[in-house]
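Here is how the chains run, residue by residue.
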Amino acid sequence: MNARTTWTESEIGDLTGTVAIVTGANSGLGFETSRALLQAGAHVVMTMRSAEKADAAKQALLDDLGAVSLETMLLDLADLESIRRFSEMFHGKHSRLDLLVNNAGIMMTDAQLTIDGFESQLGTNHLGHFALTGHLMDLIESTPAARVVSLSSLAHRWGFMEFGNLMFHNGSYTPRAAYGRSKLANLLFAYELQRRFDAAGVDAISVAAHPGTAGTGLADHLFNRWYLRPLKALVFLGLQTPKQGARPSLRAATDPTAQGADFFGPSGRNQHRGAPVRVESTAASHSQVDAAKLWAESERLTGVNYESLRTPTK
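Here the structure is a predicted model, which means the values were calculated and not measured. (Residues numbered from 1 in each chain as written. Predicted model: local features only at pLDDT ≥ 70, side-chain atom pairs only at ≥ 80, totals over all residues. Heavy atoms only, no water.)

### Here we look at the overall build of the protein chain
Counting secondary structure elements, the protein chain contains 10 helices and eight strands. Sequence separation of at least 24 residues holds for 75% of the intrachain contacts in the protein chain that already meet a minimum separation of 6. Summed over all atoms, the accessible surface of the protein chain reaches about 13,500 Å², with 52% contributed by carbon and sulfur. (Helix = DSSP H or I, 4+ residues; strand = E, 2+ residues; numbered from the N terminus. Contact = heavy atoms within 4.5 Å. Areas by Shrake-Rupley, 256 points an atom, 1.4 Å probe, with all protein chains shown as cover.)

### Observations regarding the sheet that holds strand β7 (residues 263-266)
Strand order in the open sheet formed by eight strands is β3-β2-β1-β4-β5-β6-β7-β8, with mixed pairing between adjacent strands. With partners counted over all chains shown, the strands left at the sheet margins are β3 (70-74) and β8 (276-278), one partner each. Each neighbouring strand pair of the sheet contributes to a mean axis angle of 20 degrees, computed without reference to strand direction. One ladder, built from three bridges, connects β7 with β8; its direction is antiparallel. Residue pairing in the sheet places Pro266 in a bridge with Pro276 of β8. (Pairing = 2+ DSSP bridges. Axes fitted to C-alpha atoms, helices over the stretch in contact; angles between N-to-C directions.)

### Looking at helix α9 (residues 247-254)
Judged by how many residues are buried, α9 sits mostly within the fold: eight of eight residues are covered. Burial in α9 covers these residues: Arg247, Pro248, Ser249, Leu250, Arg251, Ala252, Ala253 and Thr254. (Buried < 20%, exposed > 50% of the residue type's maximum accessible area, 1.4 Å probe, protein only.)

### Here we look at the packing of helix α3 (residues 80-93) against helix α4 (residues 120-135)
Running from amino to carboxyl end, α3 crosses α4 at an angle of 30 degrees, the nearest separation of the two axes being 10 Å. Taken together, the axes of α3 and α4 are roughly parallel relative to one another. Remark: the crossing between α3 and α4 carries right-handed chirality. Contact residues: Leu80, Ile83, Arg84, Phe86, Ser87 and His91 in α3; Gly128, Ala131, Leu132 and His135 in α4. Across the contact of α3 with α4, the residue classes break down as five nonpolar, four polar and one charged. (Parallel < 35°, antiparallel > 145°, perpendicular 65-115°, else oblique. Left-handed = near helix turned anticlockwise from the far one by under 90°. Nonpolar A, V, L, I, M, F, W, Y, C, P; charged D, E, K, R; others polar.)

### Brief notes about the nonpolar core
Generally speaking, soluble globular proteins have nonpolar side chains that are buried together. Counting 42 residues, the largest nonpolar core has Phe86, Phe90, Leu136, Ile140, Leu193 and Tyr306 as the members making the most contacts within it. At the level of elements, β1 (19-22), α3, α4, α5 (137-142), β5 (146-151), α6 (175-200) and α10 (288-302) are the ones that each hand at least two residues to this core. Ranked by the residues each element gives to this core, the list is headed by α6, at six residues. Contacts of Leu136, omitting those with residues within four sequence positions, involve Ile21, Phe86, Ser87, Phe90, His91, Leu97 and Leu100. Grouped together as the second largest cluster of nonpolar side chains are 33 residues, Ala25, Phe31, Ile205 and Val207 included. (Core = buried A, V, L, I, M, F, W, Y, C linked by side-chain atoms within 4.5 Å.)

### Some remarks on the packing of aromatic side chains
The geometry of an aromatic ring pair comes down to the distance between the two centres and the angle between the two planes. In total, this model carries eight aromatic pairs according to the counting rule given. The interplanar angle of 85 degrees and the centroid separation of 6.3 Å between the aromatic rings of Phe160 and Phe168 together place this pair among those described as edge-to-face. Taking relative accessible area as the criterion, Phe160 reaches 38% and is therefore assigned partly exposed. Ring pairs connect the aromatic residues Phe130, Phe189, Trp295 and Tyr306, which therefore count as one cluster. A cation sits over an aromatic face here: Arg176 above Trp158, 3.8 Å from the ring centre. Above the face of the Phe160 ring, Arg181 is positioned so that its terminal group lies 4.7 Å from the ring centre. (Phe/Tyr/Trp six-rings, centres within 6.5 Å; stacked < 30°, edge-to-face > 60°. Lys NZ or Arg CZ within 6 Å of the ring centre and 35° of its normal.)

### Considerations on the pairing of β1
Neither face of β1 is exposed, since Val19 and Ile21 on one face and Ala20 and Val22 on the opposite face are all buried. Bridge count for β1 against strand β2 (residues 43-48) is four bridges, and the pairing is parallel. Across the sheet, residue Ala20 finds its bridge partner in β2, namely Val44. Once you follow β1 into helix α1 (residues 28-39) and on to β2, the crossover reads as right-handed. Relative to strand β4 (residues 99-102), β1 runs parallel, the two being bridged by three bridges. Looking at β4, one finds that Ile21 is bridged to Leu100. (Right-handed = clockwise from strand over helix to strand, strands pointing away.)

### With respect to the pattern of salt bridges
For the structure shown, the criterion picks out 17 salt bridges. A salt bridge links Arg195 to Glu192; the shortest N-O distance between them is 3.0 Å. Within this pair, Arg195 and its partner Glu192 are both found in helix α6, separated by three residues, close to a single helical turn. When the shortest N-O distance is used, the salt bridge between Arg251 and Asp255 registers 2.7 Å. Pair check on accessibility: Arg251 and Asp255 agree, each one buried. Shared partners join several salt bridges into a network, and the residues in it are Glu81, Arg84, Arg85 and Glu88. (Salt bridge = Lys/Arg side-chain N within 4 Å of Asp/Glu carboxyl O.)

### Details of the side chain of Ser285
With respect to the secondary-structure elements, Ser285 resides in the loop between β8 and α10. Residue class for Ser285 comes out buried when judged on its relative accessible area of 1%. Each residue touching Ser285, except ones within four places of it in the same chain, is listed here: His156, Leu184, Leu187, Leu188 and Tyr191.

### A word on the confidence of the model for the protein chain
Of the residues in the protein chain, 89% reach a pLDDT of 70 or more, and the chain-wide mean stands at 91. The model gives residues 218-237 a pLDDT under 50, and that stretch makes 22 contacts with residues more than four places away or in other chains. (pLDDT = per-residue confidence, 0-100.)

Below is the structure:
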C-alpha cells in the first residue's frame, strides 16, 4: 500500500454511478465525508435522526456544491425499529450499495439506555451499526467491490471486553470505559466482517478508520459546565478540523489499494493528526475469540442474523 503522508480528498477517483450511505451525516466527520463523496460524483444517502437537521445539512451542501446527487433519510441507530424501517425504505429506492460508512456515534455520555435497553454507547456505536449492516447485507453482497467502513477511535486503546457484563450493570458504568468498549467493538466487528467475507467468498471488503483528534462537536457536552468553557476553547484550538479528521475515513472508503481489514488513521505522532495512512490497532482488537463472541452476542441482542456469513471464524 502507498504509505505517503500527503493524501487528501483530491485523490478520490470518479465515483459516478456509485451509491453510498453515510450515517450521522448532519455535521462533523459525516458531513465532510458526504461532501467529498458528492464532489467525486457519488450518490450519497446522508442519515440523521431529525428532519430539521437533515433539511439544514442538505441545503448547506446544495448551496455549496450545486447540482449533486444527494438524499437524506432519517435513521436513529439507538432504535432497532428505526434501523429496520430505514433498511426497508432504502431497499425500496436502491438496488445496490457500493459504500456504507458507519460513522455516527456518541461519546462519553452519562449512563443511559437505548430504546431497546442497551447501554447507550455500545448500543449506538456498535449494535446499531451491526444491525444496519446486517439489514443491508444482501445489497452489499450483490454490489461488486462494495465496502463497509467502520469508524473507530484512539479510545479503542483503553477499551476492554467483559462479556459477562457487556452493558456495565451493577454500578460499574463510567463514560470513558463504555466509550472505549464501543470503539474496540467497532474494530472487532470490522475485522470479523472481513474474515467472514473471505470465508464466504464475498466480493466486498471491510475496512476501518479513526480521525485522530478532531474538533467535531462530538464532545461538546463534556464542557457544559460554565467553568469548563474556557478550557473547551483552549482544547479545540489544537485539534484538526472536521475536514482533516474525515480524511482517514475517505481514504478507507475510496483508496483503490486498500485491502480488507486495513485500518487508517493520521500519520503524525501518536496518530493524533496528519495525513491518513495505514495504522495499527491494539492486540485486543485482533482477538478472534472476542470477535466471535461479540458477533454471536450482537446477533442475539439485535435479532439481526447474518445468514449468508455464517461460516465459522477461522
